[in-house]
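# Structure at a glance
Each chain, letter by letter, is given below.
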Amino acid sequence: MLMQVGGEGSRPTFFEMSAAQNLPSSLRSALLYSLGVMAQRRPILHRVLDHSDEAYSLLMLLLELHSLRTADASFAEALYGLKRMPAEISSTGVAMTHEAQDSAVSQSRPLSRRQRGLSLLFLVGLPYLKLKLQSAYNTQRGGVLQAALWGRGDAEDAQFLETDNLGTRTPSGNETAVSEIEIPMWQHWKERFLQALVRWYPWIHATNEGVTFVYQLLYLLDATGFYTPALHISGIHVRRASGQELMDSTKVIEERRNREFRRLRGPPFAQALQRVMLRTAYTVLDYAQTGLIASVFLFKMVEWWYQSAEQRVTAPSIYPPPPPPPQPKVAEGGIQLPADRRLCPICMRQRTNPALIAVSGFVFCYPCIFNYVTQYKRCPVTLSRASTSQIRRLFQDA
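Residues numbered from 1 in each chain as written. Predicted model: local features only at pLDDT ≥ 70, side-chain atom pairs only at ≥ 80, totals over all residues. Heavy atoms only, no water.

## Looking at the overall build of the protein
How we decide: Numbering goes from the N terminus for both helices and strands, where a helix is a DSSP run of H or I of at least four residues and a strand is a run of E of at least two. Exposed residues in this analysis have more than 50% of their type's maximum accessible area, buried residues have under 20%, and partly exposed residues fall in between, with area computed by a 1.4 Å probe over protein chains only. Residue contacts follow a heavy-atom distance rule, with two residues in contact if any of their heavy atoms lie within 4.5 Å. Only the protein chains shown count as cover for residues, with accessible areas throughout obtained via the Shrake-Rupley method and a probe of 1.4 Å.
Scanning the protein for helices and strands turns up 13 helices and five strands. Buried positions account for 31% of the 398 residues belonging to the protein. Long-range pairs, those at least 24 residues apart, make up 61% of the contacts in the protein with a sequence separation of at least 6. Of the accessible surface of the protein, which amounts to about 26300 Å², a share of 61% is contributed by carbon and sulfur atoms.

## Some words on the packing of helix α1 (residues 14-38) against helix α3 (residues 52-71)
Between two packed helices, what matters for the description is the angle formed by their axes and the separation of those axes. Keep this limit in mind: Between the N-to-C directions of two axes lies an angle of 0 to 180 degrees, each axis being a line fitted to C-alpha atoms and, for a helix, fitted only over the stretch in contact. Oblique is the label for any angle not covered by the other classes, which are roughly parallel (under 35 degrees), roughly antiparallel (over 145) and roughly perpendicular (65 to 115). The crossing is said to be left-handed when, going from far helix to near helix, the turn is anticlockwise and less than a right angle, and right-handed when the turn is clockwise.
Where α1 meets α3, the axes come as close as 12 Å, and the angle between the chain directions of the two elements is 125°. The angle between α1 and α3 places the two elements in the oblique class. Along this stretch, α1 crosses α3, giving a crossing that reads as right-handed. Facing Pro24, Ser25, Arg28, Leu31 and Leu32 of α1, the residues of α3 in contact are Ser52, Asp53, Tyr56, Leu59 and Met60.

## Focus: the side chain of Thr70
To keep it simple, the criterion reads: Residues adjacent in sequence count toward polar contacts only when both atoms are side-chain atoms; beyond that, a polar contact is any pair of N or O atoms within 3.5 Å, and within protein one must be able to donate a hydrogen and the other to accept it.
Turning to its location among the elements, Thr70 is positioned in helix α3. At a separation of 2.8 Å, a polar atom in the side chain of Thr70 contacts the main-chain carbonyl oxygen of His66. When residues no more than four places from it in sequence are discounted, the contact partners of Thr70 are Ser249, Ile253 and Arg257.

## Topic: the environment of Val363
For Val363, the location among the structural elements is in strand β4 (residues 363-365). For the pair Val363 and Arg351, spaced 12 residues apart in sequence, the C-alpha to C-alpha distance is 8.5 Å. For Val363, the contacting residues outside a window of four places in its chain are Pro345, Arg351, Pro354, Ala355, Leu356 and Leu394.

## A word on the nonpolar core
The condition that has to hold: By nonpolar core we mean a set of buried residues, namely Ala, Val, Leu, Ile, Met, Phe, Trp, Tyr and Cys, connected to one another through side-chain atoms within 4.5 Å.
Counting 26 residues, the largest nonpolar core has Met17, Met60, Leu63, Phe75, Tyr80, Leu231 and Leu292 as its most contacted members. Looking at this core, the elements that each hand over two or more residues are α1, α3, α4 (75-79), α6 (113-150), β2 (236-240) and α12 (268-314). Sort the elements by how many residues they give to this core and α1 lands first, with five residues. If sequence neighbours within four positions are ignored, Leu292 has contacts with Leu27, Leu31, Leu59, Leu63, Phe75 and Tyr287.

## Some words on the state of the cysteines
The line we're drawing: Cysteine sulfur atoms are paired as a disulfide whenever they come within 2.5 Å of each other.
The full count for this structure, using the stated rule, is zero disulfides. Just so you know, Cys344 is unpaired, no disulfide at all, and the nearest cysteine sulfur is the one on Cys347, 3.8 Å from it.

## Structural notes on the pattern of salt bridges
In plain terms, the rule: When a carboxyl oxygen of Asp or Glu is within 4 Å of a side-chain nitrogen of Lys or Arg, the pair counts as a salt bridge.
Tallied over the entire structure, the rule returns nine salt bridges. Linking Arg84 and Glu77 is a salt bridge whose minimum nitrogen-to-oxygen distance equals 2.9 Å. Exposure class is identical for Arg84 and Glu77. Each is buried. One salt bridge connects Asp340 with Arg342, and the closest N-O pair in it is separated by 3.4 Å. A relative accessible area of 52% means that Arg342 is categorised as exposed. Salt bridges sharing partners connect three or more residues here, namely Arg28, Asp53, Glu54 and Lys132.

## Examining α3
This is how it is decided: A helix is expected to span 1.5 Å for every residue after the first.
For α3, built from 20 residues, the straight-helix expectation of 28 Å at 1.5 Å per residue is met to within 8% by its first-to-last C-alpha distance of 27 Å. Residues Ser52, Asp53, Tyr56, Ser57, Met60, Leu63, Glu64, His66, Ser67, Leu68 and Thr70 constitute the buried set of α3. Asp72 occupies a position one or two residues after α3 and carries a positive phi of about 50°.

## Side note on the confidence of the model for the protein
Where we set the bar: Across the chain, each position has a pLDDT score giving the predictor's confidence in that residue, from 0 to 100.
On average, residues of the protein score 78 in pLDDT, and 76% of them reach the 70 mark or higher. Note that residues 1-6 has pLDDT below 50 and, in this model, 21 contacts with residues that lie over four places away or in other chains. Long-range and interchain partners of residues 103-107, a stretch whose pLDDT sits below 50, account for six contacts in this model, where long-range means more than four residues apart.

## So, the layout of surface pockets
The cut-off we apply is this: Using protein atoms alone on a 1 Å grid, points that fit a 1.4 Å probe yet trap it form a cavity, whereas open point sets bounded by protein on both sides within 12 Å along at least five of seven lines form a pocket; residues with an atom within 4 Å of a point count as lining. Grid points are joined across faces, edges and corners, and a volume is the space filled by probe spheres set on the points.
Its volume calculated, the largest pocket comes out at about 1400 Å³. Considering the residues around the largest pocket, the lining is formed by 46 residues, among which Gln21, Phe122, Leu126, Pro127 and Lys130 are closest to the centre. Elements with a minimum of two residues in the lining of the largest pocket: α1, α3, α4, α6, α9 (185-220) and α10 (229-234). For the lining of the largest pocket, the leading source of residues is α6, giving 13 residues.

## Digging into the packing of α1 against α9
Our working definition: Each residue is assigned to one of three groups, with Ala, Val, Leu, Ile, Met, Phe, Trp, Tyr, Cys and Pro labelled nonpolar, Asp, Glu, Lys and Arg labelled charged, and all others, Gly among them, labelled polar.
Closest axis-to-axis distance for the α1/α9 pair is 10 Å, and the angle between their directions is 150°. Facing Phe14, Met17 and Gln21 of α1, the residues of α9 in contact are Thr212, Gln216, Tyr219 and Leu220. By residue class, the composition of the contact of α1 with α9 is four nonpolar, three polar and no charged.

In structure tokens:
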């Protein structure tokens, strides 16, 4: 057990159940991201990424099987100190509440083989099937939309576009050419399955999500003891495990493993080798829960550390803005500036239609500076070379 959220009674809170349910998907995303980063240096890991669904499902199958066998809980539930138990049915045929089961002697009864099998099915089998169906639906739906938008006219796209609501194909213009090619039976059924998948998968997915939402809402309102329909079908309640139960489960596990060690047969060398292999497997499985979560967090922390250091090294330096250039000086022989800055240095009257010369920045009347530059090709104050193209109009004079 990695963590346990406090609370009153044996009934887990809605947030505990939600955290336990969302942990596998979050762990999958973190593992795939970690493998993707490591695959940049070890290209052989791309083979694992190509079959990521199968690899992750196999890993979860081992972890869930070990957790159900040792703790009567799923991998995520065991991390939060939760435990599965058979749902007790009252004499009226209604499932008993957690409060009523707190005083029941059969509360410590382990899960049956059927309930463990159903738990594995809902924890590993159906999520894997959902991933594959979602991937196939996205691929097939993308092909259908592309064919509808671009009209490629491929035989495969035509088979999806030329179907009616009953799923039967209608003849097209090139149907006679296509019909001459004999299609294998398995290919025909595969196409029919993909057609049905595109049509019905969104409804199935929406129904499943809707029913799950209703169960979670009822669980939040304390109207039912089942957080998901899978727990209701399996006849399983989830509750908090007490400290005494955790200690008892540790003793039961040790006794079970000692019995397995005594069952070893063969020469002494073979028995020693089998004992070492079993102890190694048990140790890996015992620490897989904590180690897997800790390794992902450690990897993310190291990545953040090096990424922050790299950003500090490669980040562009931010310098303060440069000071303004010094004011140009009045040249000897140039026009002197008036004391009143509102006056034009050329006509010595208040500026009208102000304009500046770009080579110096001094402001004059537009007619004055235009005529002066046209005639002398220079700034009247600094005597710097200038042209009429360097005159800028000012629409707001200070």
